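# Remarks on the overall topology
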Amino acid sequence: MNCEKILIVYYSRTGNTRKLAENLKEKLNCQIEEIVDIKSRKGIFGFVKSGMDAALKRDTNIKNSNVDLSQYELVILGTPVWASNMTPAIRTFIKMNKEKMKNVAFFCTQMSSGKDSTFADMRKLVGKDPISSLYINSKGETMEDNEIRIQTFIEDIRNFKI
């Protein structure tokens, strides 16, 4: 696949998902766009409120992006897992842009679990199956396990035919 036709779109509260997005960007040599949640999610109160917003599947206000998604053949969506759900920022982005995304892939970062429900909800909301999905556990798994999953994801993206 032509890497110029791939865009990574992600949200990151603490920086873990950002690190993974940047790692994927380097490996795929593609474009990247960070979603910015206008709502403050800092500190312990932000953490608690964020988990509640995710569990209740709430939307949020995000900064407008100037990226034209229709020029990309593949949009890779990345989110942390909060309360076994995608973040409100990714939820809002998908709702605003699902018609413009030709093909999708998903990735998430999680402390221990929640990827399955997160990916199922993302698939349902975007209205199409991802060409690949990647999860990274920051707890309970080795770096080798995570690297193997990253390599498999990269191979799936590179082998994707339009």
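Attention here is on the structure that accompanies the text. Per-chain numbering applies: the sequence of each chain, read as written, is numbered from 1 onward. For this predicted model, a pLDDT threshold of at least 70 governs which residues receive local features, and a threshold of 80 or more governs which side-chain atom pairs are given and counted, while totals over whole chains, interfaces and linings are taken from all residues. With hydrogens and water set aside, each side-chain value is computed from the structure's full complement of heavy atoms.

### So, the pattern of salt bridges
The cut-off we apply is this: A side-chain nitrogen of Lys or Arg and a carboxyl oxygen of Asp or Glu constitute a salt bridge if their distance falls within 4 Å. Only DSSP runs of H or I with at least four residues qualify as helices, and only runs of E with at least two residues qualify as strands; both kinds are numbered from the N terminus onward.
According to the stated counting rule, one finds eight salt bridges in the structure shown. Lys 95 is paired through a salt bridge with Asp 59; the nearest N and O atoms lie 3.1 Å apart. Here the residue Lys 95 occupies a position in helix 3 (residues 88–97), and Asp 59 occupies one in the loop between helix 2 (43–55) and strand 3 (74–80), the gap between them amounting to 36 residues. Where Glu 73 meets Lys 102, a salt bridge forms, and the shortest distance between an N and an O atom there is 3.1 Å.

### A few points about the nonpolar core
Convention followed: We call a set of buried residues a nonpolar core when its members are Ala, Val, Leu, Ile, Met, Phe, Trp, Tyr or Cys and they connect through side-chain atoms within 4.5 Å of each other. Partly exposed residues are those whose accessible area sits between 20% and 50% of the maximum for their type, while under 20% is buried and over 50% is exposed, using a 1.4 Å probe and protein chains only. When checking whether two residues touch, look at their non-hydrogen atoms; a contact exists if any pair is within 4.5 Å.
Among the nonpolar cores identified, the biggest contains 26 residues, and Ile 35, Leu 77, Ile 94 and Met 122 are the most heavily contacted of them. Among all residues touching Leu 77, those that are not within four sequence positions of it are Val 9, Phe 93, Ile 94, Met 101, Val 104, Ala 105, Phe 106, Phe 107 and Met 122. In terms of nonpolar packing, the next biggest core, distinct from the first, is built from 18 residues, Leu 20, Cys 30, Ile 136 and Phe 153 among them.

### Quick word on the packing of aromatic side chains
The line we're drawing: A pair of aromatic rings is counted whenever rings of Phe, Tyr or Trp (Trp by its six-membered ring) have centres within 6.5 Å, and the orientation is called stacked for planes under 30 degrees apart, edge-to-face for over 60 and tilted otherwise. Placement of a charge over a ring requires the Lys NZ or Arg CZ to be within 6 Å of the ring centre, with the centre-to-atom vector within 35 degrees of the ring normal.
The full count for this structure, using the stated rule, is two aromatic pairs. Pairing Tyr 11 with Trp 82 gives two aromatic rings, centres 5.8 Å apart and planes at 85 degrees, and the pair type is edge-to-face. One end of the pair, Tyr 11, is in the loop between strand 1 (6–10) and helix 1 (16–28); the other, Trp 82, is in the loop between strand 3 and helix 3, and 71 residues separate them in sequence. One exposure class covers both Tyr 11 and Trp 82, and it is buried. An angle of 20 degrees between the planes, with centres 6.2 Å apart, marks the rings of Phe 106 and Phe 119 as stacked. One end of the pair, Phe 106, is in strand 4 (residues 104–110); the other, Phe 119, is in helix 4 (residues 115–126), with 13 residues separating them in the sequence. The class of Phe 106 is buried, set by a relative accessible area of 0%. Looking at Phe 119, the relative accessible area reads 8%, which means it is buried. It is Lys 115 that lies over the ring of Tyr 135; its NZ or CZ is 4.7 Å from the centre. Sitting over the ring of Tyr 135, Arg 149 keeps its end group 4.1 Å from the ring centre.

### Here's the deal with the layout of surface pockets
Note the cut-off: We place a 1 Å grid over just the protein atoms. Points where a 1.4 Å probe fits but has no way out form a cavity, open points with protein on both sides within 12 Å along at least 5 of 7 lines form a pocket, and any residue with an atom within 4 Å of a point lines it. Grid points are joined across faces, edges and corners, and a volume is the space filled by probe spheres set on the points. Residues are sorted three ways: Asp, Glu, Lys and Arg are charged, Ala, Val, Leu, Ile, Met, Phe, Trp, Tyr, Cys and Pro are nonpolar, and all the rest, Gly among them, are polar.
Space inside the largest pocket adds up to approximately 680 Å³. For the largest pocket, the lining is made up of 31 residues, of which Asn 16, Thr 109, Gln 110, Met 111 and Ser 138 are closest to its centre. Among the elements that line the lining of the largest pocket, the one with the most residues is helix 1, at five residues. Of the residues in the lining of the largest pocket, the class split is ten nonpolar, 16 polar and five charged. Roughly 200 Å³ of volume is contained in the second largest pocket. In terms of lining, the second largest pocket is formed by 14 residues, of which the most central are Lys 63, Asn 64, Ser 65, Phe 93 and Asn 97.

### Here we look at the packing of helix 3 against helix 4
So the rule is basically this: For every element, the axis is a line fit to its C-alpha atoms; helices are fit only across the contacting stretch, and the angle between N-to-C directions ranges from 0 to 180 degrees. Roughly parallel refers to an angle under 35 degrees, roughly antiparallel to one over 145, roughly perpendicular to one between 65 and 115, and oblique to any angle outside these ranges. When the near helix sits turned anticlockwise from the far one by under a right angle, the crossing is termed left-handed; a clockwise turn instead gives a right-handed crossing.
For the pair helix 3 and helix 4, interaxial distance at closest approach is 9 Å and the crossing angle is 20 degrees. Regarding the angle of helix 3 to helix 4, the classification is roughly parallel. Of the two elements, helix 3 crosses helix 4, and the hand of that crossing is right-handed. Residues Ile 90, Arg 91, Ile 94 and Lys 95 of helix 3 lie in contact with helix 4, whose contacting residues are Asp 121, Met 122, Leu 125 and Val 126. Of the residues in the contact of helix 3 with helix 4, the class split is five nonpolar, no polar and three charged.

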